[in-house]
Amino acid sequence: MNKYSDMNNWAYYAHGDNKISDLFFICPTVDIGETGDKSMSLANEKVRNNFVGAVNMEIGIYNENSAVYAPFYRQATMAVSLPPFNEEFDERLDIAYSDIREAFLYYLESCDPTRPLILASFSQGTIMAKRLLKEFFGDEGLRKRLVAAYLIGWSITEEEYGEMPWIKPAQGETDTGVVIAFDVEAEDTEDTIMVKKGVKTVSINPLNWRTDSLPAPKEMNKGACFTDYDGKINREKEHLTGAYIKSHRGTLVPTDIKAEHYLSPLFIHGLPYPEGFLLNGYRYFPDGLLFEKGVYHIYDYIFFYRNLQENVRKRLESYLGYSI
């Protein structure tokens, strides 16, 4: 029996009445592995609550017209996913994907096969979403359902697209059946967990919807939104920053903020800050920061919230052929 027939294994299942499309959303990393766990326990209520909270922070971009499907899964914890990389990282990602795969199969088998589908993810969730695209979307019927795949917060390279030629990166604001991807960092940042040194990711700028390095001014930014664990927007800033794509890395660079004003404290993701926390003999978070200055990973959705929200609606309208 598919374990995802048990609704207890879903953070959200068919959540949203009278919506015209479906959203399959894959949550980012929420478990720091403080107790030594290397895969998230599906029975840990504290982590499950954090998981739902992390989903809530991001689905407001997508759920205006979509019923939400978001499975709990045994994601790799930070105990194996932060440098120095533990050799178990790939093994734990395989465990995580086995859950995502099972959940997606249950969704496909149990839900209306004619409904438009949006695939969305963030961070580790994007590693999982790339695997779904590669394994499942070679199927023409499923591919025809895909409005778009928003794969935010991890690298996706030309080589990876070559392994799944049925999926193309977005080229504009309203093309459908495509991938929208980017990861945000400072101009002088050259190496992150998400986009390693020497890697060039394929991105689109969520302000001007271009794939070249032409800068988009901050006036094009319709609103950065800072959300909390219940999904409510507790602060919004129009015209916070412009952005351009860094030509040699493909990453997205914000142009109108200072790195010291947008650090990555753990509490933004609802994660605890254990003083002097040690994992694998390595001291993490010495200043209560998840990433070093200039790595804007946790702000990927936040900085461009309203533009992304508008774009989801525009691509769905383009897919449907009428205004909604």
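Since we're looking at a predicted model, the values are computed, not measured. (Residues numbered from 1 in each chain as written. Predicted model: local features only at pLDDT ≥ 70, side-chain atom pairs only at ≥ 80, totals over all residues. Heavy atoms only, no water.)

**Student:** Looking at this structure, how should I read the overall build of the protein chain?
**Tutor:** Per the secondary structure count, the protein chain includes eight helices and 13 strands. The C-alpha atoms of the protein chain give a radius of gyration of 18 Å, which matches the 20 Å a tight globule of 324 residues would have. Across its three principal axes, the protein chain shows a C-alpha extent of roughly 55 × 50 × 40 Å. Every one of the 324 residues in the protein chain was classed for burial, and the buried ones make up 58%. At a minimum sequence separation of 6, the contacts of the protein chain that also span at least 24 residues come to 78%. As displayed, the protein chain has an accessible area near 13,300 Å², and 48% of this comes from carbon and sulfur atoms. Here the protein chain contributes 34 positive and 47 negative side-chain charges, whose respective centroids are spaced 2 Å apart. (Helix = DSSP H or I, 4+ residues; strand = E, 2+ residues; numbered from the N terminus. Rg over C-alpha atoms; globule rule 2.2 N^0.38 Å. Buried < 20%, exposed > 50% of the residue type's maximum accessible area, 1.4 Å probe, protein only. Contact = heavy atoms within 4.5 Å. Areas by Shrake-Rupley, 256 points an atom, 1.4 Å probe, with all protein chains shown as cover. Lys, Arg positive; Asp, Glu negative; His and termini not counted. Charge placed at Lys NZ, Arg CZ, Asp CG, Glu CD.)

**Student:** Just to check I follow, could you spell out the pairing of strand β8 (residues 224-227) for this structure?
**Tutor:** The side chains of a regular strand alternate between both faces of the sheet. What you see with β8 is no split at all: A224 and F226 on one side and C225 and T227 on the other are buried throughout. Two strands pair when backbone bridges link them, and β8 and strand β9 (residues 233-237) are joined in this way by four bridges, in the antiparallel orientation. Considered in β9, the bridge of T227 is made with I233. As consecutive antiparallel partners, β8 and β9 are separated by five residues, and within that stretch G231 has a phi angle of approximately 90 degrees, a positive value. (Pairing = 2+ DSSP bridges.)

**Student:** Can you walk me through the nonpolar core in this structure?
**Tutor:** Soluble globular proteins tend to pack their nonpolar side chains together in the buried interior. Of all hydrophobic cores here, the largest spans 104 residues; its most connected members are F24, Y62, L119, L133 and F303. When residues in this core are grouped by element, the largest group, nine residues, is from helix α3 (residues 89-110). When near neighbours in sequence (up to four residues on either side) are disregarded, L133 contacts L119, G138, L146, A149, L151, M164, W166, I167 and V179. (Core = buried A, V, L, I, M, F, W, Y, C linked by side-chain atoms within 4.5 Å.)

**Student:** Teacher, can you tell me more about the environment of N49 here?
**Tutor:** Looking at the secondary structure, you find N49 in helix α1 (residues 45-59). Judged by relative accessible area, N49 falls into the exposed class, the value being 51%. Between the C-alpha atom of N49 and that of Y229, which follows or precedes it by 180 residues, the distance is 9.1 Å.

**Student:** Just to check I follow, could you spell out the sheet that holds strand β4 (residues 117-122) for this structure?
**Tutor:** Pairing between the strands of a sheet comes from backbone hydrogen bonds, and it takes one of two forms, parallel or antiparallel. Sheet architecture is open: seven strands sit in the order β1-β3-β2-β4-β5-β7-β6, paired in mixed fashion. Two strands in the sheet have a free side with no partner beyond their single neighbour: β1 (10-15) and β6 (168-169). Strands in contact with helix α4 (residues 124-136) are β2 (21-26), β4, β5 (146-152) and β7 (178-180); relative to β4, the strand with the most contacts, it is inclined by about 140 degrees. Together, β2, β4, β5 and β7 form the strand contacts of helix α8 (residues 305-320), whose direction differs from that of β5 by roughly 155 degrees. (Axes fitted to C-alpha atoms, helices over the stretch in contact; angles between N-to-C directions.)

**Student:** What should I look at first to understand a nonpolar patch on the surface in this one?
**Tutor:** On the surface, a cluster of nonpolar side chains totalling about 250 Å² of accessible area is made up of I20, Y322 and I324. By the element assignment, Y322 lies in the segment after α8. Judged by its relative accessible area of 46%, Y322 is partly exposed. (Patch = residues over 30% accessible without salt bridge, like charges linked within 9 Å, V, L, I, M, F, W, Y side chains within 5 Å. Salt bridge = Lys/Arg side-chain N within 4 Å of Asp/Glu carboxyl O.)

**Student:** For this particular structure, what's the right way to read a negative patch on the surface?
**Tutor:** A cluster of acidic residues, E187, D188, E190, D191 and E292, forms a negative patch at the surface. As for its position among the elements, E292 is in the loop between β13 (282-283) and α7 (300-303). A residue is classified by how much of its surface remains accessible, and E292, at 55% relative accessible area, is exposed.

**Student:** Can you walk me through the environment of S213 in this structure?
**Tutor:** Checked against the element boundaries, S213 lands in the loop between β7 and β8. You can call S213 partly exposed: its relative accessible area is 31%. Residue contacts for S213: discarding those within four places in its chain leaves Y244, I245, K246 and S247. Within the local environment of S213, its side chain forms a polar contact with the backbone oxygen of I245, the two atoms lying 2.7 Å apart. (Polar contact = N/O pair within 3.5 Å; in protein donor to acceptor, adjacent residues only side chain to side chain.)

**Student:** In this structure, what is going on with the packing of aromatic side chains? I would like to understand it.
**Tutor:** What characterises a pair of aromatic rings is the spacing of the ring centres plus the angle enclosed by the ring planes. Counted by the stated rule, this structure contains 24 aromatic pairs. What links up through ring pairs into an aromatic cluster is the set Y4, W10, Y13, F24, Y69, F104, Y106, Y107, F136 and F137. When the ring centre of F226 is taken as origin, the NZ or CZ atom of R235, which lies over that ring, is 3.9 Å away. Across the ring face of W209, the terminal group of R315 is positioned such that the distance to the ring centre comes to 5.3 Å. (Phe/Tyr/Trp six-rings, centres within 6.5 Å; stacked < 30°, edge-to-face > 60°. Lys NZ or Arg CZ within 6 Å of the ring centre and 35° of its normal.)

**Student:** Quick question: what am I supposed to make of α8 here?
**Tutor:** Counting along an α-helix, one turn takes 3.6 residues, and residues three or four places apart therefore face a common direction. Taking 1.5 Å as the rise per residue, α8 with 16 residues should run 22 Å; its terminal C-alpha atoms sit 23 Å apart, in good agreement. Taken together, the buried positions of α8 are occupied by Y305, N307, L308, Q309, E310, N311, V312, R315, L316 and E317. Taken from the residues just after α8, G321 is the one with a positive phi, measuring 85 degrees. (Expected span 1.5 Å × (residues − 1).)

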